Amino acid sequence: MVHDQPKPRVSIVICTYNRADLLQITLDALPALTAIDMAEILIVDNNSTDHTREISESFVLRQAGVLRVRYLFEQTQGLSAARNRGIQEATGDIIAYLDDDAVPCLEWIRTIVDTFDHRHDVYAIGGMIRPKFESERPAWLIKSLELPYTIVDRGEDVHEYPINKHPFGANMAVRKSFHDTYLFPTDLGRKGTLLLSGEESWLFEQMQQERKTILYHPSMVVDHFIPDNRLTKEWIKQRYYYQGITNGSMHKGFMSKVALLVNVACRVLYIAVNALFAHTEGEKLLIACRMQSIKGTLLTMRSRVKMRLTG
């Protein structure tokens, strides 16, 4: 019975917003996981208006006495706020993050626990994220456009992430002790339907600055659902635009802004050269997406200047 179990090693935090039917699929996959008895499941409902509560509470009831599952309602809108609520409520010494549209492989929990137990220098791990397309993969979705869709395959070898690379929230685990110092910044990250990001990059930047090891493990695998409404050129260009907004908002000091402007100038030159050799549909779309990112960055920096002058 669940009350006879020791304290959980892993707290699986699933933040969700208005995707009840996808959440149902994710939740139904969890009881079959190897070592699920070592985990607790925290469903963090980030102010959903659909039937997320009903789906969640039904799952909690069905697993009563079998699995440790809690439903939490976080009214403050934003993925960072929802994740922070999950961290605060977690009782495990490992926080494993899973998207509400992702299904982990059977050895997911075992891989996470064994990795942390054998590598005390490791403070975070991430793994492979395989796409599960609602219908089919578009011809224009080239390798260089995979990252905004959270498609991740860094090979079959366990290795440390290089600088400026890190795990993604659809499939990552962090020692809870690190979160005692660093929570997710609530001014960054997805808010409702706004495609803002950057909160994960910020967190892992702090971790790298403290020289903590961040590991990629190919056996830590999830299948990630990609709906048709995201598989459009308009969506991917908007995603890049909001990434640009994120980049602009993360640079606040004078020297940081100067460095960003230099970086933007270099990127414009790089894009201009690449545009000369872009022939396929995917290559041309990548050029358009990168220009949208620069547009978002420059507009954000300009609006910040206007706010300072008029505020």
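Nothing here was measured: the structure is a model prediction, and the numbers come from that model.

A. Expanded view of the side chain of Glu74. Inspection of the secondary structure assignment puts Glu74 in the loop between β3 (68–73) and α3 (79–89). Glu74 gets classed as buried once you look at its relative accessible area, which sits at 13%. Side-chain polar atoms of Glu74 contact the backbone nitrogen of Thr76, separated by 3.0 Å. For Glu74, the contacting residues outside a window of four places in its chain are Val44, Asp45, Asn46, Asn47, Ala81, Ala82 and Arg85.

B. Local environment of helix α2 (residues 52–62). The complete set of buried residues in α2 reads Thr52, Ile55, Ser56 and Phe59. For α2, the arc enclosing every buried residue in end-on projection is 95 degrees, short of the 170-degree limit, so these residues lie on one face. The exposed residues of α2 that point more than 90 degrees off its buried face are Glu54 and Leu61. Here the buried face of α2 lies against β1 (10–16), α1 (20–29), β2 (39–45) and β3.

C. View of the environment of Val10. Here Val10 lies in strand β1. The exposure class assigned to Val10 is buried, which follows from its relative accessible area of 1%. A sequence separation of 103 residues divides Val10 from Val113, and the C-alpha atoms of the two residues are 7.6 Å apart. Every residue in contact with Val10, bar those within four places of it in the chain, is listed here: Met38, Ala39, Glu40, Gly92, Ile94, Ala96, Ile109 and Val113.

D. Quick peek at the pattern of salt bridges. Under the definition given, this model contains 18 salt bridges. Put simply, Glu74 and Arg85 hold a salt bridge, and the shortest N to O gap is 3.4 Å. Of this pair, Glu74 sits in the loop between β3 and α3 while Arg85 sits in helix α3, and the two are eleven residues apart along the sequence. Its salt-bridge partner being Lys233, residue Glu281 comes within 2.6 Å of it at the nearest N-O pair. Placement of Glu281 in helix α9 (residues 281–310) and of Lys233 in helix α7 (residues 233–250) is noted, with a sequence separation of 48 residues between them. A cluster of three or more residues bridged by salt bridges with shared partners is formed by Glu40, Arg70, Glu74, Arg85 and Glu89.

E. Examining the confidence of the model for the chain more closely. On average, residues of the chain carry a pLDDT of 90, and 92% of them reach 70 or more. Per-residue pLDDT stays below 50 along residues 305–311; that stretch engages in one contact with residues further than four places along the chain or on separate chains.

F. Just the packing of α1 against α2, in detail. Two numbers describe how α1 lies on α2: the axes approach to 9 Å, and their chain directions differ by 20 degrees. One way to sum up the angle between α1 and α2 is to call them roughly parallel. Helix-helix and strand crossings are classified by hand; for α1 and α2 the assignment is right-handed. Residue-level contacts link Ala20, Leu23, Gln24, Leu27 and Asp28 of α1 to Thr52, Ile55, Ser56, Phe59 and Arg62 of α2. Grouping the constituent residues of the contact of α1 with α2 by class yields five nonpolar, three polar and two charged.

G. Region of the structure containing the nonpolar core. Counting residues in hydrophobic clusters, the biggest one holds 36 residues, and the most contacted among them are Ile12, Ile41, Trp108, Ile109 and Ile112. No other element matches the five residues that helix α4 (residues 108–118) contributes to this core. What Ile109 contacts, discounting residues up to four positions off in sequence, is Val10, Ile12, Leu33, Thr34, Ala35, Ile36 and Ala39. By size, the runner-up hydrophobic cluster in this structure holds 25 residues, among which are Val44, Ala90, Tyr123 and Met172.

Rules used in this analysis
- Residues numbered from 1 in each chain as written.
- Predicted model: local features only at pLDDT ≥ 70, side-chain atom pairs only at ≥ 80, totals over all residues.
- Heavy atoms only, no water.
- Helix = DSSP H or I, 4+ residues; strand = E, 2+ residues; numbered from the N terminus.
- Buried < 20%, exposed > 50% of the residue type's maximum accessible area, 1.4 Å probe, protein only.
- Polar contact = N/O pair within 3.5 Å; in protein donor to acceptor, adjacent residues only side chain to side chain.
- Contact = heavy atoms within 4.5 Å.
- Arc of directions from axis to C-beta.
- Salt bridge = Lys/Arg side-chain N within 4 Å of Asp/Glu carboxyl O.
- pLDDT = per-residue confidence, 0-100.
- Axes fitted to C-alpha atoms, helices over the stretch in contact; angles between N-to-C directions.
- Parallel < 35°, antiparallel > 145°, perpendicular 65-115°, else oblique.
- Left-handed = near helix turned anticlockwise from the far one by under 90°.
- Nonpolar A, V, L, I, M, F, W, Y, C, P; charged D, E, K, R; others polar.
- Core = buried A, V, L, I, M, F, W, Y, C linked by side-chain atoms within 4.5 Å.

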